[in-house]
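# Descriptive structure summary
For reference, the chains in residue letters:
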Amino acid sequence: IDYANFIETEIDGSYSGYGVDYLNEISKKTGWKYDYVLDRWPNLLARLQSGDIDLIASAQYSEDRAATFDFSNTPIGKESTLLYTAANRSDIYYDDYPAMAGKRVGLLSDSYQNSTFFDYAAAHGFGFIPVYYPSDAEMMEALNDGAVDLLVTGSLSFHQELKLVGQFGSDPFYFMTQKNNQAILDPLNAA
């Protein structure tokens, strides 16, 4: 997915970022060559389940996902959940729960961060209006256009051009593959 500095496409068509570096180290042990597939998160999950793609490089573990997919034995990093607003907003500040109440919040469809945000909002006693988007880029566009007041994303999708108003959770993320795909999972775990 479109996570800057994790796996991103360069102008020349090459790929760079932490995820690319990590995968390159794995390829030294497995001999794998990669074809990177950029798509929206819900599409990637469907494509992984169908076997159209072999691996997703940043997925948090959940019981629901574990029923459908397998995860690497070792996490490949940790990710926090971040809550942003537009940089020019002067009505919402960091952990300003009363100001967050009733706001329209952009959420990435099928994202693990949604449940951590729901818990955060409940723990701090504010309601909100969820608005779901299929990509981080579309959430950004909605925030910039004023269609949402806040957006929730993982810390891998760092947005220095926005105003950070909340940070919570720190959960490991893993490689995820199709259920029982030992041809991928075994060499991945060994590497």
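Each remark here, short or long, concerns the structure printed above.
Residues numbered from 1 in each chain as written. Predicted model: local features only at pLDDT ≥ 70, side-chain atom pairs only at ≥ 80, totals over all residues. Heavy atoms only, no water.

## Notes on the environment of phenylalanine 168
- Positionally, phenylalanine 168 belongs in strand 9 (residues 163-178).
- Residue phenylalanine 168 is classed as buried on the basis of its relative accessible area, which comes to 11%.
- Residues phenylalanine 168 and glutamate 79, 89 residues apart in the sequence, show an inter-C-alpha distance of 9.6 Å. (Helix = DSSP H or I, 4+ residues; strand = E, 2+ residues; numbered from the N terminus. Buried < 20%, exposed > 50% of the residue type's maximum accessible area, 1.4 Å probe, protein only.)

## Examining the pairing of strand 6 (residues 103-108)
- With 5 of 6 residues buried, strand 6 is to be regarded as a mostly interior element.
- Summarising the sheet, strand 6 and strand 7 (residues 128-133) pair through 6 bridges and their orientation is parallel. In the strand pairing of strand 7, arginine 104 is matched with isoleucine 129.
- As a crossover connection, the stretch from strand 6 through helix 5 (residues 112-123) into strand 7 is right-handed.
- Here strand 6 pairs with strand 8 (residues 150-154) via 2 bridges, running parallel. For valine 105, the partnering residue across the bridge sits in strand 8 and is leucine 150. (Pairing = 2+ DSSP bridges. Right-handed = clockwise from strand over helix to strand, strands pointing away.)

## So, the pattern of salt bridges
- Inspection of every chain in the model, using the stated rule, returns 8 salt bridges.
- Aspartate 52 is paired through a salt bridge with arginine 47; the nearest N and O atoms lie 2.5 Å apart.
- Classification of aspartate 52 by relative accessible area gives partly exposed; the value is 47%.
- Residue aspartate 149 is joined to arginine 89 by a salt bridge in which the shortest nitrogen-to-oxygen separation is 3.1 Å. A residue pair is termed long-range when its members are at least 10 positions apart, and aspartate 149 in the loop between helix 6 (136-145) and strand 8 and arginine 89 in the loop between strand 5 (77-85) and helix 4 (97-100) qualify at 60 residues. Of the two residues, aspartate 149 and arginine 89, neither departs from the other in class, the shared state being buried. (Salt bridge = Lys/Arg side-chain N within 4 Å of Asp/Glu carboxyl O.)

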